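# Examination of the molecular architecture
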Amino acid sequence: MTTPEKSRRQQEEEALERGEAYQDVEGRRTEDPGAGAANADSEAERNAEQLRRGEVGPGAPAQ
């Protein structure tokens, strides 16, 4: 028998797999497509700004 917590977590993971929920790299989750797109846009803007400043992430070769 599963615990309610595990069941809730499993339901959230299944919603992500089905595309009914959205999660960004920072772990923010939402079921609103507009909020999911806004989170993705802000993440993309942040990444672009870091690249303009010459910052690289883990595993990326410095040039």
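This report concerns the structure included in the present document. (Residues numbered from 1 in each chain as written. Predicted model: local features only at pLDDT ≥ 70, side-chain atom pairs only at ≥ 80, totals over all residues. Heavy atoms only, no water.)

## Description of helix α2 (residues 33-52)
- Over its 20 residues, α2 runs 29 Å from end to end, which matches the ideal 28 Å to within 8%, given 1.5 Å per residue.
- Three or more residues of α2 are buried, namely Gly-36, Asn-39 and Glu-43. Along the long axis of α2, the arc covered by the buried residues comes to 65°, so they all point the same way. Facing away from the buried surface of α2 by more than 90 degrees, the exposed residues are Glu-45 and Arg-52.
- Residues of α2 that are buried in the fold lie against β1 (22-23) and β2 (29-30).
- Regarding α2, its N-cap is Asp-32, as a side-chain oxygen of that residue lies 3.2 Å from the backbone nitrogen of Gly-34 further along. (Helix = DSSP H or I, 4+ residues; strand = E, 2+ residues; numbered from the N terminus. Expected span 1.5 Å × (residues − 1). Buried < 20%, exposed > 50% of the residue type's maximum accessible area, 1.4 Å probe, protein only. Arc of directions from axis to C-beta. Contact = heavy atoms within 4.5 Å. Polar contact = N/O pair within 3.5 Å; in protein donor to acceptor, adjacent residues only side chain to side chain.)

## Quick notes on the environment of Asn-47
- Turning to its location among the elements, Asn-47 is positioned in helix α2.
- Note: C-alpha distance between Asn-47 and Gly-57 (ten residues apart in sequence) is 9.6 Å.

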